[in-house]
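So you can see what is in the structure, the chains are spelled out below.
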Amino acid sequence: MSLYTQALQRFYTIMQQAKHLPLTYPNAMTVATADAQGRPSARIILLKDADAQGFVFYTNQQSRKGDDLSVNPHAALLFYWEALKTQVRVEGHVEKVSDAEADAYWRTRPLESRIGAWASKQSQPIDSRKILEDRYEHFAHQFADSNVPRPAHWSGYRLIPQLIEFWEERPFRLHERVCYRKQQDQWTTTLLNP
Ligand SMILES: Cc1cc2nc3c(=O)[nH]c(=O)nc-3n(C[C@H](O)[C@H](O)[C@H](O)COP(=O)(O)O)c2cc1C
């Protein structure tokens, strides 16, 4: 088994455990991006997929994070499950998912979320909440008799990992940190001081 597969398997095991916790969003993660000047920003996003190709999340690509990723296609993901005493960091470069992949996921989303994606100009200022609600009603009416199509700016990103680190809480602050890192196409694994 390759080291990357080993890291993925470890991530799946943790995610399975997280899904059994009383959490609404066991797959919530912090996504950090940076703008052209290297200034960071972070927000919570739901992880939709993690496999040999990478870690996928969906959003509005005209949002602040979308602007960041268009000029600086690198990101860091961060998971923490207190009950599991576990933190996972994933870092790498980011690509857009294909239209076909985004369409397939779009079709699984509830109708209200699909209309909401049309209504929200994510990260743009808005004068009142009523404007947003009116836009929701407008699109609900516009698409009343049809399948709601995916807006071109609503899609996914795939982070292709170059680093995955597992942190486990241990007594006396002697936590365990195992870092998988890809360098020159080769994965290595190292223990780090806590
Ligand atoms: C639990 C939770 C889950 C979220 N999931 C998503 C998501 O999957 N996609 C998304 O675009 N925003 C999601 N958000 C909203 C983002 O945190 C953020 O407000 C939004 O994407 C705009 O970020 P930006 O202005 O930095 O681009 C979620 C927020 C929370 C608290």
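Structure first, text after, so check above.
J.: In this structure, what is going on with the site of the ligand? I would like to understand it.
T.: In the vicinity of the ligand, the contacting residues are Y25, R43, I44, I45, L46, Y58, T59, S63, R64, K65, Q122 and S123. Within the side chain of T59, a nitrogen or oxygen atom sits 2.6 Å from an oxygen atom of the ligand. Surface burial for the ligand is 64%, taken as the share of its 620 Å² of free accessible area covered by protein chains. Those elements that place two or more of their residues in the shell around the ligand are β2 (40–46), β4 (54–60) and α2 (64–71).

J.: Sorry, what's going on with the pattern of salt bridges here?
T.: Opposite charge on two side chains allows them to pair when their charged atoms are near. Counted under the stated rule, the structure contains 14 salt bridges. When the shortest N-O distance is used, the salt bridge between E133 and R129 registers 3.3 Å. Of this pair, E133 and R129 are both found in helix α5 (residues 129–142), four residues apart, which corresponds to roughly one turn of the helix. Overall, the relative accessible area of 42% leaves E133 in the partly exposed class. On the basis of relative accessible area, R129 is assigned to the exposed category, the value being 57%. Note that K130 is salt-bridged to D134, the shortest N-O span being 2.8 Å. Here the residue K130 and the residue D134 both occupy positions in helix α5, the gap between them amounting to four residues, near one helical turn. Judged by relative accessible area, which is 52%, K130 ranks as exposed. In this structure, a network of salt bridges that share partners links the residues R10, E168, R170 and E176.

J.: What should I look at first to understand the environment of A117 in this one?
T.: Within the secondary structure, A117 sits in helix α4 (residues 111–119). Residue A117 is classed as buried on the basis of its relative accessible area of 10%. Residues A117 and D35, 82 residues apart in the sequence, show an inter-C-alpha distance of 24 Å.

J.: What exactly am I supposed to notice about the side chain of R43 here?
T.: Tracing the sequence through the fold places R43 in strand β2. An unpaired buried charge is present at R43: no salt bridge exists, and D68, the closest side chain of opposite charge, is 4.4 Å distant. A distance of 3.1 Å separates polar atoms of two side chains, one belonging to R43 and the other to T33. Looking at R43, its side chain comes within polar contact range of the side chain of S41, at 2.8 Å.

J.: Looking at this structure, I do not really get the pairing of strand β5 (residues 74–81). What am I missing?
T.: For a regular strand, side chains alternate in direction, first toward one face of the sheet and then toward the other. Residues A75, L77, F79 and W81 point to one face of β5 and are all buried, whereas H74, A76, L78 and Y80, pointing to the other face, are not buried. Sheet analysis places strand β1 (residues 28–34) next to β5, joined by three bridges and oriented antiparallel. Each residue of the ladder has a partner; that of V31, found in β5, is L77. The pairing of β5 with strand β6 (residues 86–96) spans eight bridges and is antiparallel. Within β6, the residue paired with Y80 across the bridge is Q87. The antiparallel hairpin formed by β5 and β6 contains four residues in its connecting segment, where K85 sits at a positive phi of about 50 degrees.

J.: Could you clarify how one ought to interpret the packing of α4 against α5 in this entry?
T.: Angle between the axes and distance between the axes: these two values describe a pair of packed helices. Where α4 contacts α5, the two axes come as close as 8 Å, and the packing angle between them is 120 degrees. As summarised for this structure, α4 and α5 are arranged oblique, according to the angle between their axes. The handedness of the crossing between α4 and α5 is right-handed. Within the contact between the two elements, α4 uses E112, I115, G116, W118 and A119 and α5 uses L132, R135, Y136, F139 and A140. Each residue belonging to the contact of α4 with α5 can be placed in one class, and the counts come to seven nonpolar, one polar and two charged.

J.: What is the right way to read the packing of aromatic side chains from this model?
T.: Centre-to-centre distance and the angle between the planes together describe a pair of aromatic rings. In this structure the tally under the stated criterion is 13 aromatic pairs. Here the aromatic rings of Y105 and W154 are separated by 6.0 Å at their centres, their planes lie at 20 degrees, and the arrangement is stacked. Residue Y105 is found in helix α3 (residues 99–108), and its partner W154 is found in strand β7 (residues 154–168); the two are separated by 49 residues along the sequence. W154 shares its class with Y105; the two are buried. Of the aromatic side chains, those joined through ring pairs into one cluster are F11, F55, F79 and W81.

Cut-offs used in this document
- Residues numbered from 1 in each chain as written.
- Predicted model: local features only at pLDDT ≥ 70, side-chain atom pairs only at ≥ 80, totals over all residues.
- Heavy atoms only, no water.
- Near = heavy atom within 4 Å.
- Polar contact = N/O pair within 3.5 Å; in protein donor to acceptor, adjacent residues only side chain to side chain.
- Areas by Shrake-Rupley, 256 points an atom, 1.4 Å probe, with all protein chains shown as cover.
- Helix = DSSP H or I, 4+ residues; strand = E, 2+ residues; numbered from the N terminus.
- Salt bridge = Lys/Arg side-chain N within 4 Å of Asp/Glu carboxyl O.
- Buried < 20%, exposed > 50% of the residue type's maximum accessible area, 1.4 Å probe, protein only.
- Lys, Arg positive; Asp, Glu negative; His and termini not counted.
- Pairing = 2+ DSSP bridges.
- Axes fitted to C-alpha atoms, helices over the stretch in contact; angles between N-to-C directions.
- Parallel < 35°, antiparallel > 145°, perpendicular 65-115°, else oblique.
- Left-handed = near helix turned anticlockwise from the far one by under 90°.
- Contact = heavy atoms within 4.5 Å.
- Nonpolar A, V, L, I, M, F, W, Y, C, P; charged D, E, K, R; others polar.
- Phe/Tyr/Trp six-rings, centres within 6.5 Å; stacked < 30°, edge-to-face > 60°.

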